[in-house]
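Inside the fold
The residues making up each chain are set out below.
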Protein chains: 2
Amino acid sequence: MIKLLILDIDGTITQKDQSILPETLVALRKVVFSNPEMHICLASGNVLPVMFGVRTILGVGESLAGENGGILLYKQRITSYFQKQKTVDAYKEIEKDLGAVEFITNRWRETSISFILNGSYDFTKYEKKYDVVIQDSGFAKHILNKGQNKGFIARELMKIYAVSKDETLACGDGDNDADLFEVVGMSGTISNGSRSVKERAEYVSEKAYGDGLIDIMKHFRLLEE
Amino acid sequence: MIKLLILDIDGTITQKDQSILPETLVALRKVVFSNPEMHICLASGNVLPVMFGVRTILGVGESLAGENGGILLYKQRITSYFQKQKTVDAYKEIEKDLGAVEFITNRWRETSISFILNGSYDFTKYEKKYDVVIQDSGFAKHILNKGQNKGFIARELMKIYAVSKDETLACGDGDNDADLFEVVGMSGTISNGSRSVKERAEYVSEKAYGDGLIDIMKHFRLLEE
């Protein structure tokens, strides 16, 4: 029995342009309605207040794990698990060296920095110097603290909700969901998922984005056929 | 011709529980699609990042006016029109005197404070002492600076987009939308609208929430029958 569902937002619940299909909205509410005992946590690289808005409109998401596991909203209480300073220092140098552009959401970040930089770069030098990890969510590049990832927060969530990994299902599509899939018992991704999540996922849907998520929900019997 | 549409979120786009009906989502996207020249601004008492999340999921809202007109996101740039300090000082005394409870979104407020306090109170004493205005949006009580309201930001928006009041339509349901209705040429409210907006609205729909909004869109020919 699935007691905890951890859902990525961008690219998993939402489409490529980050908006939601009405069908996905309807399906997600059915999942909530048909599984009243199951806890649902939204987990994203995005900041908590933006997720708060997403959750409000969706009507789905009992708890919110933001900034790739750096910060958690649970029962009207916000807990930060990491600091921001190292990620800010690393960003300053990357901005100077490579001309990265800050995300507007950095204004509300408390444990990380996100930026846009086209092309492929080797960030090892910055990771070592500032003791940080630089990750690509597909939507943005994120500078995170060591140990700050969705796997870390999934472990916290399993403790908080007192559920085992075999009772936990995670769905996501980006490299930042790979850590998540490592620590939960069940996992599903979609056709637009990255190679690393597809390698780790228990179920890979042939469908994309919101349609793929509905397919995963059916596969794990959270939604009727 | 309507060139600027200013839309309240809570209770107007969304239902009583703040989630959205799939039908409203579909209708709003049709409005955007069928009126490509029209600018749409979301205006709310809520904070900018939460509105940012709402906008992302909706796929609607070119600009965002948060905190009842205190702060604006326009073309990836954030402008604060007011400060926060007076509202914080006023809140501290109200909290001590009346036992108000802070909204979690205060963490992200930059120009106001919002709180929950059941019952009717006369806040004149605090308004005078701290030079602030205390307003009820139906969802929360807001401590604002003098002159900070949706009417103020509507004037700014008409300047920014270079449109006249006769080219501007506003839709809302709360007392904080009454100021908005005073400065625009066209206005619509819904059956759940407060008395003050109903008195000022050009069109009052007999329907509620999202259904009412669709009705307003049809009345002003932004959506086909």
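Everything below is about the structure printed above this text.
These notes cover the structure that comes with them. These figures come from a predicted structure and were not determined experimentally.

Analysis parameters
- Residues numbered from 1 in each chain as written.
- Chains lettered and ligands numbered in written order.
- Predicted model: local features only at pLDDT ≥ 70, side-chain atom pairs only at ≥ 80, totals over all residues.
- Heavy atoms only, no water.
- Least-squares fit on C-alpha atoms with pLDDT ≥ 70 in both.
- Contact = heavy atoms within 4.5 Å.
- Buried area = accessible area lost by both parts, 1.4 Å probe.
- Salt bridge = Lys/Arg side-chain N within 4 Å of Asp/Glu carboxyl O.
- Helix = DSSP H or I, 4+ residues; strand = E, 2+ residues; numbered from the N terminus.
- Buried < 20%, exposed > 50% of the residue type's maximum accessible area, 1.4 Å probe, protein only.
- Polar contact = N/O pair within 3.5 Å; in protein donor to acceptor, adjacent residues only side chain to side chain.
- Pairing = 2+ DSSP bridges.
- Right-handed = clockwise from strand over helix to strand, strands pointing away.
- Phe/Tyr/Trp six-rings, centres within 6.5 Å; stacked < 30°, edge-to-face > 60°.
- Lys NZ or Arg CZ within 6 Å of the ring centre and 35° of its normal.

**Overview of the relation of the copies chain B and chain A**
In screw terms, the move from chain B to chain A is a rotation of 180° and a rise of 0.0 Å along the axis, fitting with an RMSD of 0.0 Å. Between the two chains, the operation in question is that of a two-fold axis. The overlap is high: 100% of the interface residues of chain B also sit at the interface in chain A, so the same surface is used on both sides.

**Description of the interface of chain B and chain A**
Quoted interface sizes are often the accessible area lost when the parts come together. Taken together, the contact between chain B and chain A spans 28 residues of the former and 28 residues of the latter. Taken as a group, Ile57, Ile104 and Trp108 of chain B account for 27% of the area that chain B buries against chain A, more than any other trio of residues on that side. Joining chain B to chain A, the criterion identifies 2 salt bridges. Between Glu110 of chain B and Arg107 of chain A there is a salt bridge; the shortest N-O distance is 2.8 Å.

**A closer look at the side chain of Thr12 of chain B**
All names here are of chain B. Mapped onto the secondary structure, Thr12 falls in the loop between strand E1 (4–8) and helix H1 (22–34). Thr12 gets classed as buried once you look at its relative accessible area, which sits at 1%. Engagement of the side chain of Thr12 in a polar contact is seen with the side chain of Asp8, the distance being 2.7 Å. If we skip the residues at most four places from it in the chain, Thr12 touches Cys171, Gly172, Asp173, Ile190, Tyr209, Gly210 and Leu213.

**Side note on the pairing of strand E11 (residues 186–189) of chain A**
All names here are of chain A. Side chains of E11 alternate between two faces, with Met186 and Gly188 and Ser187 and Thr189 buried alike. Inspection of the sheet shows strand E10 (residues 168–171) paired to E11 by 3 bridges, in the parallel sense. Pairing of Ala170 across the sheet is with Ser187, part of E11. The parallel pair E10 and E11 is bridged by helix H6 (residues 178–183), and the resulting crossover is right-handed. Where E11 meets strand E12 (residues 203–204), 2 bridges bridge the pair, whose relative direction is parallel. Residue pairing across strands places Thr189 opposite Val204, the latter belonging to E12.

**A few points about the packing of aromatic side chains**
Residue and element names in this part refer to chain A. The tally for this structure, following the rule as stated, stands at 16 aromatic pairs over all chains. What links up through ring pairs into an aromatic cluster is the set Tyr91, Phe115, Tyr121, Phe123 and Tyr126. When the ring centre of Phe52 is taken as origin, the NZ or CZ atom of Arg55, which lies over that ring, is 5.3 Å away.

**Comments concerning the pairing of strand E5 (residues 77–80) of chain B**
Where strand E4 (residues 71–74) of chain B lies against E5 of chain B, 4 bridges are found, and the strand directions are antiparallel. Paired with Ile71 of chain B across the bridge in E5 of chain B is Ser80 of chain B.

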